[in-house]
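Next come the chains, spelled out residue by residue.
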Amino acid sequence: MPRHSGSEQLPLEFPREEQTSRDDLAVTTALNAAVRIVDGWPHWPSPVVVLVGPAGCGKSHLASIWRDTSGARDIIPEADNGASERAAEGPVLFEDADRTPFSEVELFHVINAVRSHGTALLMTARTFPANWPVELADLRSRLKAATVVEIGEPDQELLVQVLMKLFADRQLAVDEKLIAYIAERMERSTEAARVLVDTLDRLALARRTKINRALVAEVLDRMQIGMESD
């Protein structure tokens, strides 16, 4: 197979809508606890739930499922933006809580509104609430009372299912043995799976070839070099 430059022209990438319904969720051991929480709404052990896990582990997918099921509204707790009022009216969702600037006072009021009015708050984050730089003692106390569910890094089974879904979303027919080959050798991250499938799709289109083992090996090698140079 001829060598190709890493700077070769790839087709323009057009936005693709990711499928985030309950039926599209690949459920394995790493996601079991989080799926039980989402499916168990409104019978939660506490009115505030935090899903914690690394990038690309499925937090946003689960949050989207819960939003559709509960009718939750997205909020960012900021001063005078009505977040606590919305929390009093019904379920609310605050994503990327540990990476989005928020008002500690307003989040405190959001949690109080949820508790007082029998609604619910779901938050997603990469780190545990105990590690958030929260200075307000009352808010720290409220966060300690939240139900925290950790999502681990994807295992082999989950990676295979994620890859199958990503290829299917792009209407790409890829042999199951080749998918298993990829899952055994790639970084254990669903974000890495998205990048890998996107790169394979565009390279195959640019070269007018099918996605085969040689192309997969080349892309895996590229990604490994990229990781080592970071």
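Note that the structure is predicted; figures quoted are calculated from it, not measured.

Rules and cut-offs
- Residues numbered from 1 in each chain as written.
- Predicted model: local features only at pLDDT ≥ 70, side-chain atom pairs only at ≥ 80, totals over all residues.
- Heavy atoms only, no water.
- pLDDT = per-residue confidence, 0-100.
- Contact = heavy atoms within 4.5 Å.
- Axes fitted to C-alpha atoms, helices over the stretch in contact; angles between N-to-C directions.
- Helix = DSSP H or I, 4+ residues; strand = E, 2+ residues; numbered from the N terminus.
- Left-handed = near helix turned anticlockwise from the far one by under 90°.
- Nonpolar A, V, L, I, M, F, W, Y, C, P; charged D, E, K, R; others polar.
- Polar contact = N/O pair within 3.5 Å; in protein donor to acceptor, adjacent residues only side chain to side chain.
- Pairing = 2+ DSSP bridges.
- Core = buried A, V, L, I, M, F, W, Y, C linked by side-chain atoms within 4.5 Å.
- Buried < 20%, exposed > 50% of the residue type's maximum accessible area, 1.4 Å probe, protein only.

(A) Broad picture of the confidence of the model for the protein. On average, residues of the protein carry a pLDDT of 87, and 84% of them reach 70 or more. Ignoring residues within four places in sequence, the model shows residues 14-22, a span with pLDDT below 50, making 17 contacts including any to other chains.

(B) Local environment of the packing of helix H6 (residues 156-169) against helix H8 (residues 190-207). Taken N-terminus to C-terminus, the directions of H6 and H8 make an angle of 35°; their axes are 10 Å apart at the nearest point. As for how H6 packs across H8, the hand of that crossing is right-handed. Residue-level inspection shows Val 162, Leu 163, Leu 166 and Phe 167 of H6 in contact with H8, the latter providing Thr 190, Ala 193, Arg 194, Val 197 and Leu 200. Across the contact of H6 with H8, the residue classes break down as 7 nonpolar, 1 polar and 1 charged.

(C) Examining the environment of Arg 188 more closely. Summarising the element assignment, Arg 188 is placed in the loop between helix H7 (176-185) and H8. Those residues in contact with Arg 188 that sit more than four places away from it in its chain are Glu 153, Pro 154, Asp 155, Gln 156 and Leu 159. A polar atom in the side chain of Arg 188 sits 3.1 Å from the side chain of Gln 156.

(D) Layout of the sheet that holds strand E1 (residues 48-52). Ordered in space as E2-E3-E4-E1-E5, the 5 strands form an open sheet in which the pairing is parallel. The open sheet has two edge strands with one neighbour each: strand E2 (73-74) and strand E5 (147-150). Note: E2 against strand E3 (residues 92-94), 2 bridges, orientation parallel. Across the sheet, residue Asp 74 finds its bridge partner in E3, namely Leu 93.

(E) Expanded view of the nonpolar core. Among the nonpolar cores identified, the biggest contains 44 residues, and Leu 163, Phe 167, Met 186, Leu 200 and Ile 211 are the most heavily contacted of them. Of all the elements in the fold, those that place two or more residues in this core are helix H1 (32-40), E1, helix H2 (59-70), H6, H7, H8 and helix H9 (213-229). Excluding anything up to four places from it in sequence, Phe 167 contacts Leu 172, Val 174, Ile 179, Ile 182, Val 197, Leu 200 and Ile 211. Listed in part, the 23 residues of the second largest apolar core include Val 92, Leu 107, Phe 108 and Leu 143.

(F) Highlighting the environment of Leu 121. With respect to the helices and strands, Leu 121 occurs in strand E4 (residues 121-125). Here the alpha-carbon distance between Leu 121 and Val 49, two residues 72 residues apart in the chain, equals 6.4 Å. Residues contacting Leu 121, with those up to four places away along its chain left out, are Trp 44, Pro 47, Val 48, Val 49, Ile 75, Val 92, Phe 94, Leu 107, Val 110, Ile 111 and Val 114.

(G) Molecular detail of the pairing of E4. Among the 5 residues of E4, 5 are classified as buried, and the element is accordingly described as predominantly covered. Of the two faces of E4, the one holding Leu 121, Met 123 and Ala 125 and the one holding Leu 122 and Thr 124 are both buried throughout. Direction of pairing for E3 relative to E4: parallel, over a ladder of 3 bridges. Directly across from Val 92, in E4, lies its bridge partner Leu 121.

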